[in-house]
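As a plain string of letters, each chain reads:
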Amino acid sequence: MIARLLFLPLVLAAFAAPASAQEALRDLCTARPSLGTSACIVDQGHALLEFGALDWQRTSDGGEREDVLQTGNVLLRYGIADHAEVQLGWTAFGRARLRDAEAGTRERRTGAGDVTLALRRNLRNPDGSGTSYGVQGVVTLPTGRTPIGAGTWGAGAIVPVSFELRDGLTLVLNPEGDAEPDEDGNGRHLRYGNVAGLDIDLSDAVTTTLEISAFRDRDPEQHVTELLAALSATWATSRNLQFDAGAIAGLNHHSPDVRLLTGVSARF
């Protein structure tokens, strides 16, 4: 199954939008692989498929260590208007391995993730240029199982805002509030925070993003603040095909230690 999912980038490259349609389309603007997102909208009548080939995360807490590997993180975006798009997301496969050094135990679990549905409405500059902002609502459906799925539904709202500071340098902010599923899967609690990032165009094809995020999670079991720093890069091989990679590091005890991810995006 994993081999088939990793084969998908080749399929995306073969079926990306033809060159004859490229001139009328906006610059490719993807959500992955950064922590935040922008307010840009997929061109009306077109689809953008964002595929996470590999996503690995390690979290340590005392004598316990959890490694989570996911593949087939799919986000399908479709432009329904010049200023609006709908999104459908799903994780096809995930495997979690938990080790407890003190107890001498190991536990492995596999499964699929939850389905997410989202609507993004741009309020200014749907191509993401200049000063651009909008609003996005997200609902998560509990189709997966823990630890890949949350075990119950969730919802949230994001207000993506971007400011073009100068040519090739853009500041992006993502204030967000969520009704986050509880750790035990039996309810929801408030989670809120922000992601701040700088998009730096190194060339016409390569962009790097520096980010920092801070979120307060008010789970009934424990209230924590998660702090993350991220570095990611994208390489556009054409106007409709883009490859990416990213690295994320936790900045405090309540954050995952490290996360590495890579993927591909194609517009149709």
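What counts and what doesn't
- Each chain has its residues counted from 1, running along the sequence as written.
- Where local features are concerned, this predicted model is filtered to residues with pLDDT of at least 70; where side-chain atom pairs are given and counted, the filter is 80 or more; whole-chain, interface and lining totals use all residues.
- Working from all heavy atoms in the structure, the side-chain values ignore hydrogens and water.
- Patches were defined on residues exceeding 30% relative accessible area and lacking a salt bridge, with like-charge contacts within 9 Å and nonpolar side-chain contacts (Val, Leu, Ile, Met, Phe, Trp, Tyr) within 5 Å.
- In this description, accessible areas are obtained by the Shrake-Rupley approach with a 1.4 Å probe, and a residue is regarded as covered only by the protein chains that are shown.
- Definition used for salt bridges: Asp or Glu carboxyl oxygen within 4 Å of a side-chain nitrogen of Lys or Arg.
- Numbered from the N terminus, helices here are DSSP runs of H or I no shorter than four residues, and strands are runs of E no shorter than two.
- Using a 1 Å grid laid over the protein atoms alone, points where a 1.4 Å probe fits but cannot get out form a cavity; open sets with protein on both sides within 12 Å along at least 5 of 7 lines form a pocket; any residue with an atom within 4 Å of a point counts as lining.
- Grid points are joined across faces, edges and corners, and a volume is the space filled by probe spheres set on the points.
- Residues are grouped as follows: Ala, Val, Leu, Ile, Met, Phe, Trp, Tyr, Cys and Pro are nonpolar; Asp, Glu, Lys and Arg are charged; all remaining types, including Gly, are polar.
- Exposed residues in this analysis have more than 50% of their type's maximum accessible area, buried residues have under 20%, and partly exposed residues fall in between, with area computed by a 1.4 Å probe over protein chains only.

**Student:** Quick rundown of a nonpolar patch on the surface? Include the residues and the values.
**Tutor:** Together, Leu-76, Leu-88, Leu-117, Val-139 and Leu-141 make up a nonpolar patch on the protein surface, roughly 360 Å² of accessible area in all. Assignment of secondary structure puts Leu-141 in strand S6 (residues 131-141).

**Student:** Tell me about the layout of surface pockets, and please be specific about residues and values.
**Tutor:** Of the volumes computed, that of the second largest pocket is approximately 1100 Å³. Around the second largest pocket sit 39 residues that line it, and Asp-27, Leu-28, Cys-29, Asp-201 and Thr-207 are the ones nearest its centre. Listed by contribution, the elements that provide at least two residues to the lining of the second largest pocket are strand S8 (161-166), strand S9 (169-173), strand S11 (188-201), strand S12 (206-219) and strand S13 (222-238). Element by element, the count of residues in the lining of the second largest pocket is highest for S13, at five residues.

**Student:** Outline empty space enclosed by the protein, listing residues and values.
**Tutor:** Applying the stated criterion across every chain yields a total of one cavity of 30 Å³ or more. By volume, the largest cavity amounts to about 60 Å³. For the largest cavity, the full set of lining residues is Arg-26, Asp-27, Leu-28, Cys-29, Cys-40, Ile-41, Val-42, Asp-43, Leu-48, Arg-77 and Arg-267. When the residues that make up the lining of the largest cavity are grouped by side-chain class, the tally is six nonpolar, no polar and five charged.

**Student:** Before we move on, can you summarise the pattern of salt bridges with the specific residues and values?
**Tutor:** Scanning the model with the defined rule gives twelve salt bridges in all. Arg-239 serves as the salt-bridge partner of Asp-27, at 3.2 Å between the closest nitrogen and oxygen. Here Asp-27, found in the loop between helix H2 (8-15) and strand S1 (47-61), pairs with Arg-239, found in the loop between S13 and strand S14 (241-250); they are 212 residues apart in sequence, far enough to count as distant. Accessibility expressed as a relative area gives 56% for Asp-27, which makes it exposed. Overlapping salt bridges, with partners in common, bring together Arg-26, Asp-43, Asp-82 and Arg-267 in one network.

Without other data, these values stay purely geometric and don't point to any function.
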